[in-house]
Amino acid sequence: MKQLHAARHAVEAHLIRGFLMSHGITAEVRGEYLTSGWGELPTDVCSVWIADDTQFTEADELLKAFLSGSLARQYGGQAWTCPGCGEKLEGQFTECWSCGHARPTT
Ligand SMILES: [Zn+2]
């Protein structure tokens, strides 16, 4: 297990996880269950971890492309709505992070 990215909030962490999973990289989100009982820690600090350390470099490059928006440009940056669950998704996602439904080709 290796930490790949510290997300600003749970939604971002899950978006990144879904993105990595869609590229064959097993990832998991940690930290979302922190409660206010932890004092100074914000409740929504999340990080994305990858299960297989040997995929770290690949995951890191995918993440950089993801964060820089190159994938958004590739897909025209068009936001879409998941036909499976109705989730609103940003243009860079090729599948729904919520239910895993593939982006419809239009
Ligand atoms: Zn969905």
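Owing to the predicted nature of the structure, the values given are computational and were not obtained by experimental measurement. (Residues numbered from 1 in each chain as written. Predicted model: local features only at pLDDT ≥ 70, side-chain atom pairs only at ≥ 80, totals over all residues. Heavy atoms only, no water.)

**Q** Where do I start with the overall build of the protein chain in this structure?
**A** Secondary structure summary: the protein chain contains 3 helices and 5 strands in total. Mapped from its N terminus to its C terminus, the protein chain presents α and β elements in the order β-α-β-β-α-α-β-β. Expressed as a percentage of its 106 residues, the buried residues of the protein chain come to 32%. Contacts in the protein chain between residues far apart in sequence, at least 24 positions, make up 44% of those at least 6 positions apart. About 6,300 Å² of surface is accessible on the protein chain, with carbon and sulfur atoms providing 51% of the total. (Helix = DSSP H or I, 4+ residues; strand = E, 2+ residues; numbered from the N terminus. Buried < 20%, exposed > 50% of the residue type's maximum accessible area, 1.4 Å probe, protein only. Contact = heavy atoms within 4.5 Å. Areas by Shrake-Rupley, 256 points an atom, 1.4 Å probe, with all protein chains shown as cover.)

**Q** Looking at this structure, I do not really get helix α1 (residues 10-22). What am I missing?
**A** Because an α-helix completes one turn every 3.6 residues, residues spaced three or four positions apart along the sequence face the same direction. Here α1 is 13 residues long and its end C-alpha atoms lie 18 Å apart, about the 18 Å a rise of 1.5 Å per residue gives. Within α1 the residues assigned to the buried category are E12, A13, L15, I16, G18, F19 and L20. A positive phi of about 80° marks G24, the residue just after α1. (Expected span 1.5 Å × (residues − 1).)

**Q** Explain the coordination of the zinc ion here, please?
**A** Where a metal carries four tetrahedral donors, each ideal angle is 109.5 degrees; where it carries six octahedral donors, the ideal angles are 90 or 180 degrees. Distances from the zinc ion to its protein donors, namely C82 (SG), C85 (SG), C96 (SG) and C99 (SG), fall within the range 2.3 Å. Going along the chain, you hit the donors of the zinc ion in the pattern C-x2-C-x10-C-x2-C. Taken together, the positions of C82 in the loop between β4 (80-81) and β5 (88-89) and C96 in the segment after β5 put the pair 14 residues apart, joining distant regions of the chain. Given the relative accessible area of 3%, C82 is considered buried. (Donors = N, O, S within 2.8 Å, 3.2 Å for Na, K, Ca; no water.)

**Q** How should the pattern of salt bridges be read in this particular structure?
**A** Where side chains of opposite charge bring their charged atoms close, a pairing between them can arise. Counted according to the given criterion, the structure contains 2 salt bridges. Its salt-bridge partner being D60, residue K64 comes within 2.9 Å of it at the nearest N-O pair. Note that K64 and D60 are positioned in helix α2 (residues 56-68) at a spacing of 4 residues, about one turn of the helix. (Salt bridge = Lys/Arg side-chain N within 4 Å of Asp/Glu carboxyl O.)

**Q** Help me understand the nonpolar core in this model?
**A** The tendency in soluble globular proteins is for nonpolar side chains to be buried side by side. Core analysis: the biggest nonpolar cluster contains 22 residues, and L20, I50 and F93 have the highest contact counts within it. Of all elements in the fold, only β1 (2-7), α1, β2 (27-30), β3 (46-50) and α2 reach the threshold of two or more residues within this core. Looking at which element gives the most residues to this core, the answer is α1, with 5 residues. Shared between two domains, this core holds at least three residues of each, these being domain 1 (2-68) and domain 2 (74-106). Once residues lying within four places of it in the same chain are set aside, the contact partners of I50 are M1, K2, L4, L20, I25, T26, A27, Q55, F56 and A59. (Core = buried A, V, L, I, M, F, W, Y, C linked by side-chain atoms within 4.5 Å. Domains from an automatic or database assignment.)

Everything listed here is a matter of coordinates, which is why it stays silent on function.
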